[in-house]
Amino acid sequence: MALSFPCFTKSIPESSIRRTSFVQCNAAPVSMVAHCFPSSLDCHFVLQSRAANYCSRFHGLKIWMLKKLNLQMSIKRKRGQGKKSTWLEIQGKDQCSDHLEMPFSLEGKTSEDTYETRIMMESVEETSVPNTQIAESSLPSHHPALSSDPSFPMGSPPSLQEISSYNSENQSGRVPSLCIAVIGATGELARHKVFPALFALYYNGFLPENVGIFGYSRKDITDEDLRSIIAGTLTCRVDHQENCGDKLDAFLNRTYYLNGECDNKEGMAKLNARMEQIEGNSEANRIFYLSVPQEALLDVASSIADNAQTQRGWNRIIIEKPFGFDAISSFQLTQSLLSKFKENQIYRIDHLLGKDLIENLTVLRFSNLVFEPLWSRTHIRNVQVILSEEQGIETRRRYFDGYGIIRDVVHSHILQTIALFAMEPPVSLDGEDIRNEKVKVLRSIRRLELDDIVLGQYKAHSTDNSDIYLDTLTPTFLASALYIDNARWDGVPFLIKAGIGLIKHRVEIRIQFHHVPGNLYRERIGHNIDLATNELILRGAPDEAILVKVNNKVPGLGLQLDASELNLLYKEKYNVEIPDSYEHLLLDVIDGDNHLFMRSDEVAAAWNILTPVLREMDEKKIAPELYQFGGRGPVGAYYLGAKHGVRWADD
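Each residue is numbered by its place in its chain's sequence as written, counting from 1. Only residues with pLDDT of at least 70 are given local features in this predicted model, and only at 80 or more are side-chain atom pairs given and counted; all residues enter the totals for whole chains, interfaces and linings. For the side-chain quantities, the full set of heavy atoms in the structure was used; hydrogens and water were omitted.

## With respect to unusual backbone geometry
- Following Lys321, the chain continues to Pro322 via a peptide bond in cis, the omega torsion being 0°.
- Tracing the chain through its elements places Pro322 in the loop between strand E12 (315-320) and helix H10 (327-338).
- Look at the link from Ala541 to Pro542: it is a cis peptide, with omega at 10°.
- Here Pro542 shows up in the loop between strand E19 (535-541) and strand E20 (545-553). Put simply, DSSP marks the helices as runs of H or I at least four residues long and the strands as runs of E at least two long, and each gets a number from the N terminus on.

Next comes the structure, spelled out in structure tokens:
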């Protein structure tokens, strides 16, 4: 049998197809030889064999060939060379008189087939091998393999995974370069968090070797000056010290500085030119971390969009909180950003969301059968989200006086935590699927009222007299009760407590379950049944842990009950140093995983919850309740808990 069909008038390099291959067909080996010569009209595949019926087998062969050519040459790009028509000929040892023509065109193909063949066509590149050269080889007839490549096992045709693995090991093409620009490179955040996180990723192999790290600010310093500034903040983890010095030197040698001076447009154009020197002609991707004040954000973002984006890869920008001052200002900010960037390019970062505690919310619930059935108002009595910090606002007084605890912490971290906790199961773990479920929760949260919040402000700081009295009514503490008006969480109070200048650093989510109906051991528990409430505790600080509070019998004679904690302490279970949250989030940006970053509609939904009460606070000039620095916070927080039938975890 002979089989031929017209092909595209595109040239395929002979080096990619000229090897002889064999396929088993009714116990008859068929030799496949590439015969390339130019034609202005069409091209043919000619297949000859003694087989009586070859159609179904050849269809699989054709698909495999297209996949193989596509995968092998997808890294290559056209370089302006002229394309020639090509003939491919597949010949067997035995000649047959039967001949079957099959059209090989875009007509009648599915969109997937069209896409694959189009990619193949666009990836094909001329080589120096003359078109008239015919590569032939002969293998023993007992080899039934489809491919003659020695890397593939003999037998059935290789799978796409095998082809992909083979190509990844044998491709000589360049890996796309990555340039990361830190705008505001000499600031505290960049020096102490961003650059150390980037070095940790580089040290652990999460950044490509052809990465370029760029610092950008208005200070008149050199590359060496920036390297000296950040060198003292870069450290290797305790559990990984191999080649630390070499890696550090390599990272610093890939770090550059550019003085933006007073004109960001001109500065970003210079940054673009310098990035292009590093990138060369290969595919290039870029990340811009905007560690700048809110008043400079739009000018910097606009300058990047107009002057520093690459045209040979993707561009992503990272924006620090807060994301606006209220609903109106946030809307204006969002519209300005979306006029320059697409939504999938914008990553609104909140470092508190990079903790393992946050990731464990979904892992614990969706990967353990024991928890998912309990995740509703039927079994959960209340949920507490607690974030307390020991230090005051000494290093960020100017920023905090303008925004306060609600805009700084509650809008992003607290509400995002609740959204991840309370969302319905997403369709998949894709970032957009998770964000779709999060925004539904945010839109279902009841708007805050003044009666449901307690504001506080610490009044004394023994080590810093400048903090004894704050100049404004800006709250440093908030306790509040939120309700989600949907079928799963109707009537369940979500109590939040966030503050600074408190007794200890603490980050945790505490789920309290309902009491056991008709508890047989009620008399053994005592008068305070709340002490025997089952709890699930996800702790992020001081020590990361997962705890389950259960009731058990005390060993010995008699029947005495005790409330104990089944604990998973990370530092005891896993002998590793836990990565910083910035490492986690920066790696997510590189990978394009956006599920921990707020989408524009999430930002708007969160502000709709908070803006009415913020406006009322400003109009009525609500004075926060004072509390002692280093204490437990305002007394009013405990009355708020009692009002909603909740005993705070730290009581």
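After that view, the rundown keeps rolling.
## So, the packing of helix H8 (residues 264-279) against helix H9 (residues 294-307)
- Between H8 and H9, the shortest axis-to-axis distance is 9 Å and the interhelical angle comes to 45°. One way to sum up the angle between H8 and H9 is to call them oblique. For the pair H8 and H9, the crossing hand works out as right-handed. Every residue of H9 that contacts H8 at Asn264, Lys265, Met268, Ala269 and Asn272 is listed here: Asp299, Val300, Ser303, Ile304 and Asn307. Where helices are involved, their axes are fitted lines through C-alpha atoms of the stretch in contact, as for all axes, and angles between N-to-C directions lie from 0 to 180°. Working rule for angles: under 35 degrees goes down as roughly parallel, over 145 as roughly antiparallel, 65 to 115 as roughly perpendicular, anything else as oblique. Whether a crossing is left-handed or right-handed is set by the direction in which the near helix is turned from the far one by less than a right angle, anticlockwise for left-handed and clockwise for right-handed. Residue contacts are counted whenever heavy atoms from the two residues lie within 4.5 Å of one another.

## Remarks on the sheet that holds strand E8 (residues 177-183)
- By the convention used here, strands pair only if DSSP detects at least 2 bridges between them. Strand order in the open sheet formed by 6 strands is E10-E9-E8-E11-E12-E13, and the pairing between neighbours is parallel. Of all the strands in the sheet, just strand E10 (255-259) and strand E13 (346-349) have a single pairing partner and so form its edges. On average, adjacent strands in this sheet sit at an angle of 20° to one another, irrespective of strand direction.
- Of the strands in this sheet, E8, strand E9 (211-217), E10 and strand E11 (284-290) touch H8, which is tilted by about 165° from E9.

## Observations regarding the nonpolar core
- As used in this record, nonpolar core signifies buried Ala, Val, Leu, Ile, Met, Phe, Trp, Tyr and Cys residues forming a set joined through side-chain atoms within 4.5 Å. Only protein chains enter the accessibility calculation, which uses a 1.4 Å probe; a residue whose area is less than 20% of its type maximum is buried, one above 50% is exposed, and one in between is partly exposed. The biggest cluster of nonpolar side chains holds 124 residues, and the ones touching the most others in it are Ile183, Leu271, Leu290, Phe421 and Phe494.
- Top contributing element to this core by residue count: helix H12 (residues 397-422), with 11 residues.
- Aside from chain neighbours lying at most four places away, what touches Phe421 is Leu361, Arg365, Trp375, Ile380, Val383, Trp489, Phe494, Ile509 and Ile511.
- Of all hydrophobic cores here, the second largest spans 16 residues; its members include Ala479, Tyr483, Leu495 and Val646.

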